[in-house]
Amino acid sequence: MSADPKDLPVERLESPSNMTAAYWLEAMNEVGVEYLFCNMGTDHAPIIETMAQWQVEGKPFPKVILAPHENTAMHMAIGYYRMTGKAQAVLVHVDAGTANAAMAMHNAFRSRVPIVLMAGTAPVTLRGELLGTRDTYVHFIQDPYDLKGIVRNYTKWEYQLPTGIVVKEAIRRAFTMAESDPPGPVFMTLPREILAETWEPEQIASFSNEQYGPMKYTGVDDAQLMGVADRLLAAKFPLLITSYSGRNEKTPALLDELGQLTGMGVISSYPQVLNISVQSPAFLGNLSEAHLPNVDFGLMVDTDLPWMPKNAEPNPDTHWVQIDIDPIKNDIPMWGFPSNQKIQGDSYLILSRLLEICKEKMTDSAAAAAKKRMEWIDGQRQEAVVFIENLAADKGTPGLINPAYLCAELNKVLDEDDILVSEAVMNEPSVAMQIGRTKPGTVMGLGGGGLGYSPGSALGAKLAKPDAMVMHLSGDGSFYFGNPSSTYEVAREHGLPIFTIVFENGGWSAVKQCTKLVHPDGVSSDTNEFQARLNPSYQFEKLVEAAGGHGEDVINPDDLPAAIARCVEAVKGGRSAILVAHVTRL
């Protein structure tokens, strides 16, 4: 509850109302920021003072979500964006906070998430020359030569605020750069003395989204798509491969219709989102490698890894059309996948027009061929259903719970609108096969390579979708990277209960498996020494209990259904829950 101004000492109300920090906060309002995901430091004193003054005066500003660790703050912003499509703002402390946020910047960059990361800087003055000058030990040691260099590999744009008079224009520019296609994170630094500068209101101009907003792809080249449609309708084995076209929640239904119309299977390769319902007759699974030798026409749509080249033998005569917001993968030094035609733009707009053209060009013979291919795809799907059910039928044994059975049981408690945030790493195949999602916008996977993204992202999803249950899956190794003590305290503080399932297999299985792939007959395999074990007696569930949540540790597969039910009850009652399942060992 805010204090009444009349009850405060007079000097508490004399803070300058026209500091750069105040105009910075106005800029946050003007660009539509709802939440500021923060980890505050000494560099933010003018901002903190302005927020306190505005709270006393009853002036609105974005709600501050304080996170004990920057990894939580950044990934909450990513999760919130993934649910809302709105660019997010994160504020961290000088070089130290930027370093803690760097891994999440990598994830945001690879996942094309528009985040404006802002950090203060150590004051530049030493002897009291300006308001905001250095006044503590850390100001002398948190002043690197190149603060922005910490995250430069993962930013579209970087800028240091040179003067408060351009603060609103700089913030507008930051969000415009972040949201313009292809979207991604940007970085901005805010020197403390500049935040403390004072300006008259008439000196600080505002910049509207209408006139200074982001650039989005809108055009579609009909002439090019006519040729694409001809090749698609004439193909004997067309295939569409995508990883994140479902970021637009209208796309899954579009892929379903296009696939069924043309008899084209749809592969969701290394999916970051739900690209097509698992119940779609056109859905052909998550692995494209087995189909590639037969494909004569292929569409690669919004994908960074359509197949694993080492494990694939594509038909050299396949005509590949690549539709992507960034078809040359400008920020990936080596990519290496074929594309006879590259079409840059918004995949939903392009595919929508392609569908219309295909309908116009469809002949009886093409329709008959498409129908025959759909019958073949249906046969593949029916075989997959039996295979998947058989996998889950084996519960496993005490201490060696079958991950497929675990995921099948988890699937039973998920409603259509619930959110699945998965970082199960080596158990992702079980997740993909057993947890069948059908509604767009209800799946969140990792586009980057920074483990530890999922708990914060789950919190961000819950913040955006408070009525949905958020199920968060994590390997035991990746769980450590997610700063769980920070996660569950934020969950408690802001009423964001999430349901976490830890796949406890005794360590980093990915490390072991990759070592075996490189050295299949090596000494590491002979001795089972992979430098990947973790202590299996670590009680992960105690972390949520420390924050008032509910914990379960399950060794016997027969105990799973009841334990899952207790966790769901706790989450729906407002408390986070962790279920540790001891699955097949490392």
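Residues numbered from 1 in each chain as written. Predicted model: local features only at pLDDT ≥ 70, side-chain atom pairs only at ≥ 80, totals over all residues. Heavy atoms only, no water.

Brief notes about the overall build of the protein chain
Just so we agree on the cut-off: Only runs of H or I of at least four residues qualify as helices and only runs of E of at least two qualify as strands under DSSP, and these elements are numbered from the N terminus. Accessible area is worked out with a 1.4 Å probe on protein chains only. A residue is then buried under 20% of its type maximum, exposed over 50%, and partly exposed in between. Residues are treated as being in contact if the distance between any of their heavy atoms lies within 4.5 Å. Computed by Shrake-Rupley with a 1.4 Å probe, the accessible areas treat only the displayed protein chains as cover when residues are assessed. Positive residues here are Lys and Arg, negative ones are Asp and Glu, while His and the chain termini are left out of the count. By convention, the point assigned to a charge is CZ for Arg, NZ for Lys, CD for Glu and CG for Asp.
Along the backbone of the protein chain there are 21 helices and 19 strands. On the principal axes, the C-alpha backbone points of the protein chain span a range of 80 × 60 × 45 Å. For the protein chain, the residues scored as buried account for 55% of the 586 residues in total. For the protein chain, the share of sequence-separated contacts (at least 6 apart) that also reach a separation of at least 24 residues comes to 77%. In the form shown here, the protein chain has an accessible surface area of approximately 25000 Å², with 53% of it arising from carbon and sulfur atoms. A gap of 3 Å separates the mean positions of the 47 positive and 71 negative side-chain charges of the protein chain.

A few points about the confidence of the model for the protein chain
Note the cut-off: Confidence scores per residue from the predictor, reported as pLDDT, run from 0 to 100.
Put simply, the protein chain has an average pLDDT of 93, and 94% of its residues get 70 or more. When the criterion is pLDDT under 50, residues 8-14 qualifies, and its contacts beyond four places in sequence or with other chains add up to five contacts.

Topic: the layout of surface pockets
Using the following cut-off: As defined here, a cavity is a set of points on a 1 Å grid over the protein atoms alone where a 1.4 Å probe fits but cannot get out. A pocket is an open set with protein on both sides within 12 Å along at least five of seven lines, and residues line them when an atom is within 4 Å of a point. Grid points are joined across faces, edges and corners, and a volume is the space filled by probe spheres set on the points. Note on residue classes: Ala, Val, Leu, Ile, Met, Phe, Trp, Tyr, Cys and Pro are nonpolar, Asp, Glu, Lys and Arg are charged, and everything else, Gly too, is polar.
Considered as a void within the structure, the second largest pocket measures approximately 630 Å³ in volume. Considering the residues around the second largest pocket, the lining is formed by 29 residues, among which Y81, P183, K216, R247 and N248 are closest to the centre. Of all elements in the fold, only α3 (70-84) and α11 (347-361) reach the threshold of two or more residues within the lining of the second largest pocket. For the lining of the second largest pocket, the element with the highest residue contribution is α3, accounting for four residues. For the lining of the second largest pocket, the per-class residue count stands at 11 nonpolar, nine polar and nine charged.

Structural notes on the pattern of salt bridges
What counts, and what does not: Criterion for a salt bridge: a side-chain nitrogen of Lys or Arg within 4 Å of a carboxyl oxygen of Asp or Glu.
As enumerated under the stated definition, the model contains 24 salt bridges in all. Note that R172 and E179 form a salt bridge whose closest N and O atoms lie 3.7 Å from each other. Summarising the burial analysis for this pair, R172 and E179 share the class buried. In this structure, the salt-bridge partner of R566 is E552, at a minimum N-O distance of 2.6 Å. Residue R566 is found in helix α21 (residues 560-572), and its partner E552 is found in strand β18 (residues 550-554); the two are separated by 14 residues along the sequence.

Some details on the side chain of S280
So the rule is basically this: We call two N or O atoms a polar contact when they sit within 3.5 Å, provided that within protein one can donate a hydrogen and the other can accept it, with sequence-adjacent residues counted only if both atoms are side-chain atoms.
Residue position: S280 is located in the loop between β8 (265-268) and β9 (297-301). Within the structure, the side chain of S280 is placed 2.6 Å from the side chain of D256, a separation counted as a polar contact. Not counting chain neighbours up to four residues away, the residues in contact with S280 comprise D256 and R381.

As for the pairing of strand β4 (residues 115-121)
In plain terms, the rule: Throughout, right-handed denotes a crossover for which the path from the first strand over the helix to the second runs clockwise when the strands point away from the viewer.
Of all seven residues that make up β4, seven are buried, and the element is covered over most of its length. Side chains I115, L117, A119 and T121 project from β4 onto one buried face, and the interleaved V116, M118 and G120 project onto a second face that is buried too. Handedness of the crossover joining strand β3 (residues 88-92) and β4 through helix α4 (residues 94-110): right-handed.

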